[in-house]
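# Observations on the model geometry
Residue strings, one per chain:
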Amino acid sequence: LFMAERINFGFYNKVIDGTAIKRLISRLIDHFGMAYTSYILDQIKTLGFQQATATSISLGIDDLLTVPSKKWLVQDAEQESFSLEEHHHYGNVQTIEKLRQSIEIWYAISEYLRQEMNPNFRMTEPFNPVYIMSFSGARGNASQVHQLVGMRGLMVDAQGQMIDLAIQSNLREGLSLTEYIISCYGARKGVVDTAVRTADAGYLTRRLVEVVQHIVVRRTDCGTTGGILVSPRNGMMPEEIFIHTLIGRVLSDNLYIGSRCIAVRNQDLGVGLINRFITFRTQPISIRTPFTCKSTSWICRLCYGRSTTHGDLVELGEAVGIIAGQSIGEPGTQLILRTFHTGGVFTGGTAAHVRAPSNGKIQFNEDLVHPTRTRHGHPAFLCSIDLYVTIESEDILHNVTIPSKSILLVQNNQYVQSEQVIAEVHGGTSPFNFTNRIRKYVYCHSEGEMHWSTGVYHTSESRYSNVHCLTKTSHLWILSGGSGSSSTVPFSLHKDQDQMNTHSLSVEKRYISNFSVNSENNDQVQYKLFSSDLSSKKK
């Protein structure tokens, strides 16, 4: 009642997670101050312990509810993997492309099961202990629950590389012998990293603190007139990031809207003032930062700005350098220990997609793209710079920007449908960045005489063998057929001075098999042409 009298907070009857608690604490500090906020938080803590004791949550194996759609998803993934093996056997997909596509197939299935896990708990058993503990943030995370009720998915080996053989089982169903051995790679890597790499993160924190430990707030104002200009138009930054950048800073110059001064120099920026600035879209704001502070071995209060501890200007004597060094070093320890917490499960991501906003014909400048192939071996275009494409529907023109280093999956003047994937964005280092030199074999499905259309010469290292080099795109023909009696004029395939029996004669019908061999980038690709002797049969 006391709170309702001072401010209209309202009554909320819903689940409050960690993010909502942060927003609540921030509002309490803004309206009631630190002293009364600490009293309210103490009451929230007491309420939480009382409810947790009364609930008395216990965990059993029957509480691990598996996702019902897992069986069909795994079967579909196995069929795709089998089809991929066939394509690789016939030479349509190279080894590296097969590895990439296999990893993406199983990663997509694993991520789909991860997304289905939360709705399954919520619809089937909303008061499930596993669901309550993990998704409330009390204990465990989504990755650990996914291994319990979904599938363990892709694992990493001791070198950090992904193993393309995914673990289809979860810990509730139990692992097979092969899956258990594969899991041991990632588990051992997690244990070793915890023991070895933790020292590196601690050493990084020590070096950071050592170089900034002398940065202490010693004065209120250094007297500087400089600052940096911040504007949402120049940086093209979203509104939330813009507010987060400005809040708590101090103005280095007066702020005007037209001829009216709405803020003076050395005034700290609050949420209300920033919202007014965003609404009226005035000139860029000049703010004070530690980069423009005149002091050399210390820092002043106005250049540092607001302290997040109490929401006011930083106090004199605050060791802000040590706080900054520890803030940078602390996430390094958490990132290193993440592999240990997940048990070596691969937690990377696939490429982001650009989808068509509507149905229509897509058009782009073909001079700005280069032909390439996707990781699956399909033809595509590579964008070396930012590419602007237009999708022309019935009466609307949609402009879509494709970032550089992206792969365009459609042809020029092609009709695309709404939400169709038209490009893959590769912004940073991809987890599937494998490079290897592959020798691709062309297999002959029939026996006979080999003929080719272009100049073919023996390699220098195998001059007296049947290993030849093709320097450019060529066609190979095989003259072959079945043996037996024929009404056509027979011909013999035997060479001069070959030994023959009087009761044997090779009579062949000839038909032509055509193979196209492509030598990419004019590289000398070696192909081994296997010759087979034609056996003589009786008439």
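Computed from a prediction, not measured in an experiment: that's the story for all the values here.

Calculation notes
Think of each chain on its own: its residues are numbered from 1, step by step along the sequence as written. The predicted origin of the model limits local features to residues at a pLDDT of at least 70 and limits the giving and counting of side-chain atom pairs to 80 or more, whereas totals for whole chains, interfaces and linings rest on all residues. Hydrogens are left out, water is left out, and the side-chain values use all remaining heavy atoms of the structure. Partly exposed describes any residue whose relative accessible area lies between the buried limit of under 20% and the exposed limit of over 50%, with all areas from a 1.4 Å probe on protein chains only and scaled to the type maximum. Secondary structure counts use DSSP, requiring at least four H or I residues in a row for a helix and at least two E residues in a row for a strand, with both numbered from the N terminus. What makes two strands pair is DSSP finding at least two bridges between them. Two N or O atoms count as a polar contact when they lie within 3.5 Å, although within protein this holds only if one can serve as hydrogen donor and the other as acceptor, and sequence-adjacent residues are included solely when both atoms are side-chain atoms. In this analysis, two residues are considered to be in contact whenever any of their non-hydrogen atoms come within 4.5 Å of each other. The disulfide criterion used throughout: a pair of cysteine sulfur atoms within 2.5 Å. By definition here, a salt bridge exists when the distance from a side-chain nitrogen of Lys or Arg to a carboxyl oxygen of Asp or Glu is within 4 Å. Any pair of Phe, Tyr and Trp rings, taking the six-membered ring for Trp, is counted once the centres come within 6.5 Å. Such a pair is stacked with planes under 30 degrees apart, edge-to-face with planes over 60 apart, and tilted for the rest. Buried Ala, Val, Leu, Ile, Met, Phe, Trp, Tyr and Cys residues that are joined via side-chain atoms within 4.5 Å together make up what is termed a nonpolar core. Interaxial angles span 0 to 180 degrees and are taken between N-to-C directions of axes, which are lines fitted to C-alpha atoms, for helices over the stretch in contact. How sure the predictor is of each residue is captured by pLDDT, a score from 0 to 100. Summarising the geometry, the arc corresponds to the directions from the helix axis toward the C-beta atoms.

Moving on: the pairing of strand S16 (residues 387–392). Here S16 shows a clear split, with Leu387, Val389 and Ile391 buried on one side and none of Tyr388, Thr390 and Glu392 buried on the other. Two elements, strand S13 (residues 360–363) and S16, share three bridges in a ladder whose sense is antiparallel. The residue bridging lysine 361 from the neighbouring strand is glutamate 392, located in S16. Pairing of S16 with strand S17 (residues 397–402) involves six bridges; the strand directions are antiparallel. If you follow isoleucine 391 over to S17, its bridge partner there is histidine 398. The hairpin turn running from S16 into S17, its antiparallel successor, is four residues long.

Taken in spatial order, the three strands of this open sheet run S4-S8-S5, and their pairing is antiparallel. With partners counted over all chains shown, the strands left at the sheet margins are strand S4 (228–230) and strand S5 (250–251), one partner each. With three bridges connecting them, S4 and strand S8 (residues 285–288) associate as antiparallel partners. When the bridges of S8 are listed, valine 230 appears paired with isoleucine 285.

With respect to the helices, strands and loops of the structure, serine 183 is situated in helix H7 (residues 177–212). A polar contact is formed between the side chain of serine 183 and the backbone oxygen of glutamate 179, at a distance of 2.9 Å. Residues in contact with serine 183, not counting those within four places in the same chain, are Arg152, Met155, Ile167 and Leu175.

In this section: the state of the cysteines. As used in these notes, a disulfide is a covalent bond between sulfur atoms, one from each of two cysteines. Across all of its chains, the model carries zero disulfides by this definition. In this structure cysteine 222 is a free cysteine whose sulfur lies 3.7 Å from that of cysteine 300, the closest cysteine sulfur available. On the basis of relative accessibility, which here comes to 16%, the residue cysteine 222 falls in the buried class.

Once that is clear, we can look at the pattern of salt bridges. Overall, the coordinates contain six salt bridges when judged by the stated rule. Two residues, arginine 114 and glutamate 111, come together in a salt bridge whose shortest N-O distance is 3.2 Å. Of this pair, arginine 114 and glutamate 111 both sit in helix H4 (residues 95–124), separated by three residues, roughly a single helical turn.

What follows deals with the environment of glutamate 394. One can find glutamate 394 in the loop between S16 and S17. Distance from glutamate 394 to asparagine 359, taken between C-alpha atoms, is 8.7 Å for residues 35 residues apart in sequence.

Attention now moves to the packing of aromatic side chains. Tallied over the full model, the rule gives four aromatic pairs. Ring centres of tyrosine 36 and tyrosine 39 lie 6.0 Å apart, and the angle between their planes is 45 degrees; on these two criteria the pair is classed as tilted. Of the two residues, tyrosine 36 and tyrosine 39 both sit in helix H2 (residues 18–55), three residues apart, roughly one turn of that helix. According to the relative accessible area criterion, tyrosine 36 is partly exposed, its value standing at 25%. The class for tyrosine 39 is partly exposed, based on a relative accessible area of 46%. On the basis of an interplanar angle of 25 degrees and a centroid distance of 5.9 Å, the ring pair of phenylalanine 121 and tyrosine 131 is categorised as stacked. With a gap of 10 residues between them, phenylalanine 121 in helix H4 and tyrosine 131 in helix H5 (residues 129–135) connect regions that are remote in the sequence. In this pair, the class of phenylalanine 121 matches that of tyrosine 131, namely buried. Here the aromatic residues Phe32, Tyr36 and Tyr39 are joined through ring pairs into a cluster of three or more.

On to the nonpolar core, then. Leu387, Ile402, Leu408 and Ile422 are the most contacted members of the largest nonpolar core, which totals 18 residues. At the level of secondary structure, the elements contributing two or more residues to this core comprise strand S15 (379–383), S16, S17 and strand S20 (421–425). Setting aside residues no more than four positions away along its own chain, leucine 408 makes contact with Phe364, Ala380, Phe381, Cys383, Leu387, Ile402, Ile422 and Ala423.

A few words on the sheet that holds strand S14 (residues 369–373). Taking strand neighbours across the sheet as the criterion, the five strands line up as S12-S20-S18-S15-S14 in an open arrangement whose pairing is antiparallel. Lying at the two open borders of the sheet, with one neighbouring strand each, are strand S12 (352–355) and S14. In this sheet, adjacent strand axes meet at a mean angle of 35 degrees when their direction is disregarded. Strand direction decides the pairing type here: strand S18 (residues 406–408) and S20, joined by two bridges, are antiparallel. Along S20, the bridge assignment pairs leucine 408 with alanine 423.

Here the focus is the confidence of the model for the protein chain. Per-residue pLDDT for the protein chain has a mean of 76; in total, 75% of the residues score no lower than 70. In this model residues 1–5 is a low-confidence stretch, pLDDT under 50, and it forms six contacts with partners more than four residues away in sequence or in other chains. Across residues 519–539, confidence stays below pLDDT 50; counting only partners more than four residues off in sequence or on other chains, it has 46 contacts.

Turning to helix H10 (residues 271–280), its buried residues number three or more, namely Leu273, Ile274, Phe277 and Ile278. All buried residues of H10 fall inside an arc of 135 degrees around its axis, so they share one side.

The next point concerns the side chain of serine 286. Residue placement: serine 286 occurs in strand S8. With a relative accessible area of 18%, serine 286 lands in the buried category. There is a polar contact of 2.4 Å between the side chain of serine 286 and the side chain of serine 252. Apart from residues lying up to four places away in sequence, serine 286 is in contact with Gly227, Ile228, Leu229, Leu251, Ser252 and Asp253.

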